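Fold and geometry: a report
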Amino acid sequence: MPGFYLTNMEYCPNIKPCHEMIFRNTEFAGYKLFQYTTSKFYDDKCFELNDKYFSCMEGVVLNKKELLEEYRASNISNLTFLMYQKQEEFFNDLRGSFSGMYCDRISNKWLLFTSHYGDNAVFYYKHEDKFIISSSLEWIAEGLRLNKIYYNVNEKAVYYMLTYGFMADESTYIDGVSRLLPGHYIEIWGKSFQIKEYYTLKRDKIDLKDKSEEEIIDILDELFTRAVKREYEKDLEYGYKHLVELSGGLDSRMNYWIAHELGYKDMLAITFCQSNYIDELVAKQIASYWNEELLIWPLDSAKHLYDVDRDVRLNFGISLYSGVGAELHILDSLNMHQYGVLHTGQLGGAVVGTYLKEEQELNSLETAGNYSDKLLNKFCDDSYKKYQNKEEYIFNTRGLLGCLGSHLFARKYTEECAPFLDVDVMDFCFSIPVSKRIDRYIYKKWILSKHPEAAKFVWERTGDLIDRSDLYLKWKQTRQVAWDVITHPSLLLRKIGLPVNAPTLSDYRGMNPMDKWLRENETLQKFVEGYYKKHIEKVRKVLSSKLSEDIDELYEQGSMGEKTQIFTAMSAIELLFTDGYCE
């Protein structure tokens, strides 16, 4: 796992360098620190100590070239120094997926930061005047053990995984260790240790009251196109080929499409889903349109669900392991030395669209965004109370803390970026009235007016073209329901509440029908039973009896998806806790 580590304690982890990784370490003024990172995007990273400053950067800075020219800087380390002279929160001007630490050696002030959307995660522990700050929860756990600091399981974090499928706030599995939230940084100055906010995603930052829909679409297209260009230019800067996710949805499509319109070639698109699912069929058509290569990875074998411990070690169980296992199999199979950024459409529907279904939901603040509700009443969750409205709540939790947890998995291979996550794109889109974003209204209008050829392929969400009327789609949906009932009578029995042991619609029209796989795949059944039996007794040793009972209940009654939530939590607990270090 790439990242960095800083502590003022006596001992820090002893990292064994790997031939594919870069290890750099130093000590000064009572601090011990190291960086353990990949050679990917080497010039976007640094680890430099001199008389004036120390600078360490991780990840990828998409506007680095622009900033180097603006500040007349020689490299990324020199750039951070020059930007810091202008403003302390210099990282607010960076764009991309990054994290880092900076020390002004003249004043002995430390700044440790994560990106605006926080996908390059940073975690921290502080007690009295001692602290550890790191990209890795595993390194923090090891640091605590080396310094003989006992720690316990944070059971709220476990409940978060068992309900949400991610951490809905700064919680981690280690009590006393927190995650630095997106858009935040740590300032250490003398005895002061403060968490500060430099960026927050809020609605209506930009006044668009006098803008027509056409003007809004013009600005959106300009900002999005610039964000796409920055991503693909980063590949060319290092001589990499382009690697792009592609599906039947709109989000990855628009990244892929506009990149081609801008003239970028030499792309490999990847698609993973159940065989013959609409994602695969539409991706084939789009790739064929642009005469590009497409790698299709069927999920029917469910083999990506077996790699629990390997996957959890990459993101410490802060989000569900099962959502990205297939993508990791793909990256394992490729020669990733030749590919640059993993280009995706992450959170496009939530940015240009919205998580809300109706405008009235906006001020209805309550628990939302969870994958399972079976244990929701078993713990106190007030994560929504810090937000002004439901959209900001769901986007910041399910979006940034949940969905973007997948970026940590990919960091073993490369950096993952999406133009929808560009700060300027997000701020602009969240200033568009929510009424124009519900049901992808402005999203669809943008595509139809600016990129009409991209609209000639079916949209996975509706199974039809995006310019179909609501009346037509309702008629089509009614016709489909009638056909489903005729061909699968068990659906009607289930609808009226009768217990029926039969397939569901998602078995036939789902990207990853895990319950179908579990029901039909004997090897998967044995794996699930064996994994639970093998690990549950080890985990019980550090959990309360109540939580252990709740896990048993969820395992017995839960779906395959809920079982993967359990496995994520179990694997993370085993990774981070060693007998003798939990009271």
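This section reports on the structure supplied with the text. (Residues numbered from 1 in each chain as written. Predicted model: local features only at pLDDT ≥ 70, side-chain atom pairs only at ≥ 80, totals over all residues. Heavy atoms only, no water.)

1. Considering the side chain of Asp-221
With respect to the secondary-structure elements, Asp-221 resides in helix 5 (residues 213-238). Despite its burial, Asp-221 remains without a salt bridge, the nearest opposite charge being carried by Lys-450 at 5.1 Å. Only 2.6 Å separates the side chain of Asp-221 from the side chain of His-451, close enough to count as a polar contact. (Helix = DSSP H or I, 4+ residues; strand = E, 2+ residues; numbered from the N terminus. Buried < 20%, exposed > 50% of the residue type's maximum accessible area, 1.4 Å probe, protein only. Lys, Arg positive; Asp, Glu negative; His and termini not counted. Salt bridge = Lys/Arg side-chain N within 4 Å of Asp/Glu carboxyl O. Polar contact = N/O pair within 3.5 Å; in protein donor to acceptor, adjacent residues only side chain to side chain.)

2. Digging into helix 6 (residues 251-261)
Within helix 6, 9 of the 11 residues are buried, which leaves it mostly tucked inside the rest of the structure. Every buried residue of helix 6 is accounted for by Ser-252, Arg-253, Met-254, Asn-255, Tyr-256, Trp-257, Ile-258, Ala-259 and His-260. Buried residues along helix 6 sit against helix 5, strand 13 (241-245), strand 14 (267-273), helix 7 (278-289), strand 16 (339-343) and helix 14 (441-450). Backbone geometry just downstream of helix 6 places Gly-263 in the positive-phi region, at approximately 100°. (Contact = heavy atoms within 4.5 Å.)

3. A closer look at the packing of aromatic side chains
All chains considered together, the criterion is met by 51 aromatic pairs. Arranged with centres 5.9 Å apart and planes meeting at 55°, the rings of Phe-54 and Trp-110 form a pair that is tilted. One end of the pair, Phe-54, is in strand 5 (residues 53-61); the other, Trp-110, is in strand 7 (residues 109-114), and 56 residues separate them in sequence. Overall, the relative accessible area of 0% leaves Phe-54 in the buried class. Judged by its relative accessible area of 0%, Trp-110 falls in the buried class. Where Tyr-160 meets Tyr-164, the ring centres are 5.5 Å apart and the plane angle is 70°; that geometry is what we call edge-to-face. Note on Tyr-160: relative accessible area 0%, which makes it buried. Residue classification places Tyr-164 among the buried residues on the basis of a relative accessible area of 0%. Between the NZ or CZ atom of Arg-398 and the centre of the ring of Tyr-371, over which it lies, the distance is 4.8 Å. Positioned above the aromatic ring of Phe-430, the side-chain terminus of Arg-437 is 5.2 Å from the ring centre. (Phe/Tyr/Trp six-rings, centres within 6.5 Å; stacked < 30°, edge-to-face > 60°. Lys NZ or Arg CZ within 6 Å of the ring centre and 35° of its normal.)

4. Describing the sheet that holds strand 3 (residues 31-38)
Across the sheet, 6 strands lie side by side as 2-3-1-9-8-10; this open sheet has antiparallel pairing. Each edge of the open sheet is held by one strand with a lone partner, namely strand 2 (21-28) and strand 10 (177-179). Shown here is a sheet whose adjacent strand axes are inclined to one another by a mean of 10°, direction ignored. Direction of pairing for strand 2 relative to strand 3: antiparallel, over a ladder of 8 bridges. Each bridged residue has a counterpart across the sheet, and for Asn-25 the counterpart in strand 3 is Phe-34. (Pairing = 2+ DSSP bridges. Axes fitted to C-alpha atoms, helices over the stretch in contact; angles between N-to-C directions.)

5. Quick word on the nonpolar core
Counting residues in hydrophobic clusters, the biggest one holds 90 residues, and the most contacted among them are Leu-144, Tyr-173, Ile-174, Leu-243, Leu-524, Ile-566 and Phe-567. Among the elements that take part in this core, helix 21 (residues 560-576) stands out by supplying 8 residues, more than any other. Ignoring anything within four residues of it in the chain, the contact list for Ile-174 reads Leu-137, Ala-141, Leu-144, Tyr-151, Asn-152, Asn-154, Leu-576 and Phe-577. Counting residues in each nonpolar core, the second largest holds 76 residues, with Leu-68, Phe-98, Cys-429 and Tyr-443 among its members. (Core = buried A, V, L, I, M, F, W, Y, C linked by side-chain atoms within 4.5 Å.)

6. Quick word on unusual backbone geometry
At Asp-204, a position not held by glycine, the phi torsion is positive, near 65°. Within the secondary structure layout, Asp-204 lies in the loop between strand 12 (192-197) and helix 5. When its relative accessible area of 47% is taken as the criterion, Asp-204 is described as partly exposed. Positive phi, close to 60°, is recorded for Asp-439, a residue that is not glycine. Structurally, Asp-439 is set in the loop between helix 13 (423-429) and helix 14.

Everything listed is a geometric property; what it means functionally is a separate question.
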